[in-house]
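Chain by chain, the residues run as shown.
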Amino acid sequence: MDAQDFMPSDAALATLRAEIEAYEAERRKIRRDVRWRIPAYMATVVVIVVILALAFNAFADPNELWFSAPHVFLYVAGAIGLIVAYFVGSGPERKLQQSYRDRLLPIIFAFIENVRYQRGDAPASVERLPRETIGEFNQSSYDDEISGSWQGFPFELYEAVFSQKSGGTTSTVFRGVVVALETDILFPGVLVATRKANKVTSFFRGMFGKNLHELSSGIPDLDAAYDFRTDNPEAARPLVSGPLAQALQWLGEAWPEEPARIALKDKDAFLLLPQSKNFFELPDISVPLDYKTHIAPMIADMASLLATGALVRKIG
């Protein structure tokens, strides 16, 4: 696979460059506006707090001037007000970036048929994702999602965080990219390959996977890194010792940060790549948007993700 094959055509590139120029014009204008908006909003909060504090002094005990209980409450409210003023003042910057992400991503990924982009909503495939792949979680959040068809197969690709909250503690069980794909051949059941778990994680996985059997690939390094579980050992065994093992070995070289996870369920294949990187984020509003620096790497990342997903969907 050559990432150059995924780059926009001349016509698409011309449209993309025109959009970048328009974004740059708006970015510079909004940056100028925000430079005075944020200080003005925050200064307004400070003035209001000072005026109210002076008013409270008229009723406060002489020994508690500026530090009476109402003053303390006022200062706390003022601190919150400063935070709100900052976010309200910088709001146009975030709105601009999101609006242009909505406009640019479908153009950037024009090689994807029926490309669709959304952000923040739960993708449809999440309901079909085997819970054994993630483990126990009771909170989830979603960032950018891109869906469509590539090389004739439908897919959903999205950034997600799954976490478990217990009492006042929240632990992340997965942060990264999920690629959900439709396979040509149905796998009769569930087959998951996840990184080797500690005792606590194994306990929770066991709760979800109590009807799943453990398998071995026969490759010592792979079996030391992965748990293989299935509810259909007969159908899964040749995959675990063959194409699934080969795919995981290749993934270990292509995505070495943390072991990838794979799940097969009926006509669905899922690839989970633990990553802290935000693949589809525009640069900070203070940074001029550049095609070679920001857009071309984004296209290369998508090409790599889709090519990896295509490998996974062939396992079955």
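Summary of the structure given here. Keep in mind the model is a prediction, meaning the values are calculated, not measured. (Residues numbered from 1 in each chain as written. Predicted model: local features only at pLDDT ≥ 70, side-chain atom pairs only at ≥ 80, totals over all residues. Heavy atoms only, no water.)

## Focus on the nonpolar core
To keep things clear, this is the line we draw: Residues belong to one nonpolar core when they are buried, are Ala, Val, Leu, Ile, Met, Phe, Trp, Tyr or Cys, and are joined through side-chain atoms within 4.5 Å. Exposure classes here rest on a 1.4 Å probe applied to the protein chains alone. A residue is buried below 20% of its type maximum, exposed above 50%, and partly exposed in between. Numbering of helices and strands runs from the N terminus, with a helix taken as a DSSP run of H or I at least four residues long and a strand as a DSSP run of E at least two residues long. In what follows, a contact means two residues having at least one pair of non-hydrogen atoms within 4.5 Å.
Within the largest apolar cluster, 64 residues are counted, with the highest numbers of intra-cluster contacts made by Ile108, Phe109, Phe228, Leu244, Leu248 and Phe280. It is helix H8 (residues 291–313) that contributes the most residues to this core, eleven residues altogether. In this structure, Leu244 is in contact with Leu191, Ala193, Phe228, Leu239, Ile262 and Ile315, ignoring residues within four places of it in sequence. Within the second largest apolar cluster, 16 residues are counted, among which are Val126, Val178, Ala180 and Val192.

## Comments concerning the pairing of strand E4 (residues 169–195)
The criterion, for reference: Here, strands pair whenever DSSP counts at least two bridges between them.
Note: strand E3 (residues 153–166) against E4, twelve bridges, orientation antiparallel. Bridge assignment links Ser163 to a residue of E4, and that residue is Thr172. With antiparallel pairing between neighbouring strands as the criterion, E3 and E4 make up a hairpin whose turn holds two residues, including Gly167 at a positive phi of roughly 65 degrees. Here E4 runs beside strand E7 (residues 261–274); their pairing, made up of twelve bridges, is antiparallel. Looking across to E7, one finds that Ala193 is bridged to Ile262. Relative to strand E6 (residues 226–230), E4 is paired through five bridges, and the arrangement is antiparallel. Bridge assignment links Thr194 to a residue of E6, and that residue is Asp227.

## Points about a nonpolar patch on the surface
Keep this limit in mind: Surface patches are drawn from residues lacking salt bridges whose relative accessible area is over 30%; two like charges belong together within 9 Å, two nonpolar side chains (Val, Leu, Ile, Met, Phe, Trp, Tyr) within 5 Å. Per-residue accessibility takes into account occlusion by the displayed protein chains alone, with areas from the Shrake-Rupley method and a 1.4 Å probe. Take a side-chain nitrogen of Lys or Arg and a carboxyl oxygen of Asp or Glu: if they are within 4 Å of each other, that pair is a salt bridge.
On the surface, a cluster of nonpolar side chains totalling about 660 Å² of accessible area is made up of Val46, Val50, Leu54, Leu65, Trp66, Phe67 and Tyr75. Among the elements that line the nonpolar patch, the one with the most residues is helix H1 (residues 10–57), at three residues. Along the chain, the position of Trp66 falls in the loop between H1 and helix H2 (69–108).

## Remarks on H8
Spelled out, the test is: A helix's residues, less one, multiplied by 1.5 Å, set its expected span. Any N or O atom pair separated by 3.5 Å or less is treated as a polar contact, with the protein-specific requirement of one donor-capable and one acceptor-capable atom, and with residues adjacent in sequence counted only for side-chain atom pairs.
Along its 23 residues, H8 runs 31 Å from first to last C-alpha, staying within 8% of the 33 Å computed at 1.5 Å per residue. The residue sitting at the N-terminus of H8 and contributing the capping side-chain oxygen is Asp290; that oxygen lies 3.2 Å from the backbone nitrogen of Lys292.

## Topic: the packing of aromatic side chains
Applied cut-off: What counts as a ring pair is set by centres within 6.5 Å for rings of Phe, Tyr and Trp (its six-membered ring), and what kind of pair is set by the plane angle: stacked under 30 degrees, edge-to-face over 60, tilted for all other angles. Two conditions define a charge sitting above a ring: the NZ of Lys or the CZ of Arg must be within 6 Å of the ring centre, and it must be within 35 degrees of the ring normal.
Across all of its chains, the model carries twelve aromatic pairs by this definition. Aromatic pair Tyr23 and Tyr100: ring centres 5.0 Å apart, planes at 65 degrees, arrangement edge-to-face. Of this pair, Tyr23 sits in helix H1 while Tyr100 sits in helix H2; the two residues are 77 residues apart in sequence, bridging distant segments of the chain. Under the relative-accessibility criterion, Tyr100 is labelled buried at 1%. With 5.8 Å between their ring centres and 85 degrees between their planes, Trp150 and Phe153 make a pair best called edge-to-face. Under the relative-accessibility criterion, Trp150 is labelled buried at 9%. For Phe153, a relative accessible area of 2% corresponds to the buried category. Grouping aromatic residues by their ring pairs yields a cluster made of Phe109, Phe111, Trp255, Phe279 and Phe280. Over the ring of Tyr291 we find Arg17; its NZ or CZ atom is 5.0 Å from the centre of that ring. Here the basic side chain of Arg103 rests over the ring of Tyr100, its NZ or CZ set 4.3 Å away from the ring centre.

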